[in-house]
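Descriptive analysis of the structure
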Amino acid sequence: MLFGSLIVQLCVAFGMILPGNAALAPVAFTTGADHANIDRMETTALPENKDPAGSQPAPIEFGVYDPADVFKSASDFRIEHVFVAWEPFDAGKLRQKANEAASRGRDLMVTVEPWPKASKMRRGGDAMLREIAQSGYDSQIDRVCTELGRSSGRTLLRWGHEMEAASDRYPWAHKDPANFIAAFRHVVKRCRELSPSTLIVWSPRGDGELRKYYPGSDYVDYVGVSLWGLQKWDHKHGGRDRAFREVFWETYRNVVAYAKPVIISELGISGDETYVDRWLAEVMDRETNAAKFPLLRTIVYFNDKEPHYWPKGFGSPDWRVDPAKLAALP
């Protein structure tokens, strides 16, 4: 953990990008009785999952964060996910990913990690958030959103993700909610001027604290959450394997009140073959998931080794899966 914290401090100091989760374990563990009720989850009070014609459930789409490009030829993925820092900002990288997404017939979801300016690194996250709301980072916003506006396909902006997670990893996370909300609204307003068709993804990790950071429905098109199936964590904290729908329900119930379409912005699975295969089978079961989770629209897989260390000896999980496993599923 000390080594992990040192890595984070060095990466922040030099403006490096650290994509992935907040490196914190889930906050809840469903009881045996609750687990038995997962297949009987009550969803009648939730908005119906309908396609634009209003007659059929909206199909659940899949996306991927795939830095090694092993899914580049996979036809069942509609979103290409990329992480970019806005300070320093690599416009060439974003342009390349946008072109690759377009060539593959995919939409582009861009997670923007709002690192502080190098000259203001020591001032802390709350100071940065206040400066964002006061137009102190408008040039950073403009550079990113101008590129999004040039994209030929549909674009989604995921800014300041996992803001409710208590961690020393992200300077924008777990700060004063009012400061975060003001900064988020300013980013959205300015970005919509430069790229009106870009859709906004407000993306907490999924904890109960997320409600403090909600910027309001006018500033959100999608609600994104993070989801991790780590077999070692399951056994350490509950003595058994958990399944996708059980774990996702713990997060989903925290966001249904917003009545916004939901994206699992980052999904990772790590464990033995039986564990991984069970998760993948549930994840790819579109029909059942559409019925159980009426707001779920998209699942984006994080196909990489975790770049950060989980606490308490869980190390850096390897979330990568074989594309052939997904191709073999119905």
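Quick note: structure is the one above.
Residues numbered from 1 in each chain as written. Predicted model: local features only at pLDDT ≥ 70, side-chain atom pairs only at ≥ 80, totals over all residues. Heavy atoms only, no water.

Brief notes about the environment of Glu164
Tracing the sequence through the fold places Glu164 in the loop between β4 (155–159) and α6 (177–194). Given a relative accessible area of 2%, Glu164 falls into the buried group. Along the primary structure Glu164 and Glu209 are separated by 45 residues, whereas in three dimensions their C-alpha atoms are 6.0 Å apart. Sequence-distant contacts of Glu164, defined by excluding residues within four places in its chain, comprise His174, Pro204, Arg205, Gly206, Asp207, Glu209, Leu210 and Tyr213. At 2.7 Å, the side chain of Glu164 and the backbone nitrogen of Gly206 are in polar contact. (Helix = DSSP H or I, 4+ residues; strand = E, 2+ residues; numbered from the N terminus. Buried < 20%, exposed > 50% of the residue type's maximum accessible area, 1.4 Å probe, protein only. Contact = heavy atoms within 4.5 Å. Polar contact = N/O pair within 3.5 Å; in protein donor to acceptor, adjacent residues only side chain to side chain.)

Points about the packing of aromatic side chains
Inspection of every chain in the model, using the stated rule, returns 26 aromatic pairs. With a centroid separation of 6.2 Å and an interplanar angle of 80°, the aromatic rings of Phe83 and Phe302 are classed as edge-to-face. Linking Phe83 in strand β2 (residues 79–85) with Phe302 in strand β8 (residues 296–302), this pair joins segments that are 219 residues apart in sequence. The same class applies to Phe83 and to Phe302, which are both buried. Between the aromatic rings of Phe244 and Trp279, the centroid separation amounts to 5.9 Å while the plane-to-plane angle is 70°, which identifies the pairing as edge-to-face. Within this pair, whereas Phe244 is found in helix α8 (residues 244–252), its partner Trp279 is found in helix α9 (residues 273–283), the two being separated by 35 residues in sequence. A single burial state applies to Phe244 and to Trp279, both of which are buried. (Phe/Tyr/Trp six-rings, centres within 6.5 Å; stacked < 30°, edge-to-face > 60°.)

Describing the pairing of β2
Consecutive side chains along a regular strand alternate between the two faces of the sheet. For β2, the tally of buried residues reaches seven of seven residues, placing the bulk of the element in the interior. Of the two faces of β2, both are covered, the one formed by Ile79, His81, Phe83 and Ala85 as well as the one formed by Glu80, Val82 and Val84. Alignment of strand β1 (residues 61–65) against β2, held across three bridges, turns out to be parallel. Directly across from Val64, in β2, lies its bridge partner Glu80. This β-α-β element, β2 to helix α3 (residues 91–103) to strand β3 (residues 107–113), shows right-handed connectivity. (Pairing = 2+ DSSP bridges. Right-handed = clockwise from strand over helix to strand, strands pointing away.)

Examining the state of the cysteines
What the rule picks out here adds up to one disulfide. Paired by a disulfide, Cys145 and Cys191 hold their sulfur atoms 2.0 Å apart. On the S-S bond that ties Cys145 to Cys191, the torsion sits near -110°, and the link is left-handed. Taken together, the residues Cys145 in helix α5 (residues 138–150) and Cys191 in helix α6 connect sequence positions 46 residues apart. Summarising the burial analysis for this pair, Cys145 and Cys191 share the class buried. (Disulfide = S-S within 2.5 Å.)

A short note on the side chain of Glu306
As for its position among the elements, Glu306 is in the loop between β8 and α11 (323–327). At a separation of 3.1 Å, a polar atom in the side chain of Glu306 contacts the main-chain amide nitrogen of His308.

With respect to the nonpolar core
Formed by 82 residues in total, the largest nonpolar core has its most connected members in Trp159, Trp202 and Phe248. Tallying contributions element by element places α6 first for this core, with six residues. Apart from residues lying up to four places away in sequence, Phe248 is in contact with Val225, Leu227, Val262, Ile264, Phe293 and Leu296. Ile79, Met109, Val201 and Tyr222 belong to the second largest nonpolar core, which has seven residues in total. (Core = buried A, V, L, I, M, F, W, Y, C linked by side-chain atoms within 4.5 Å.)

Quick look at unusual backbone geometry
The omega torsion of the bond from Glu87 to Pro88 falls at -5°, within 30 degrees of zero and hence cis. Relative to the elements of secondary structure, Pro88 occurs in the loop between β2 and α3. A positive phi angle, near 55°, is found at His174, a position not held by glycine. Positionally, His174 belongs in the loop between β4 and α6.

Examining the sheet that holds β8
Spatially, eight strands are ordered β1-β2-β3-β4-β5-β6-β7-β8 in a closed barrel, and the strand pairing comes out parallel. Neighbour to neighbour, the strand axes of the sheet diverge by 30° on average, direction disregarded. As defined by bridge partners, β4 adjoins strand β5 (residues 199–202) across three bridges and the pair is classed as parallel. Bridge assignment links Arg158 to a residue of β5, and that residue is Val201. The strands that helix α7 (residues 231–238) touches are β6 (222–230) and β7 (262–270); relative to β6, the one it contacts most, it runs at about 75°. (Axes fitted to C-alpha atoms, helices over the stretch in contact; angles between N-to-C directions.)

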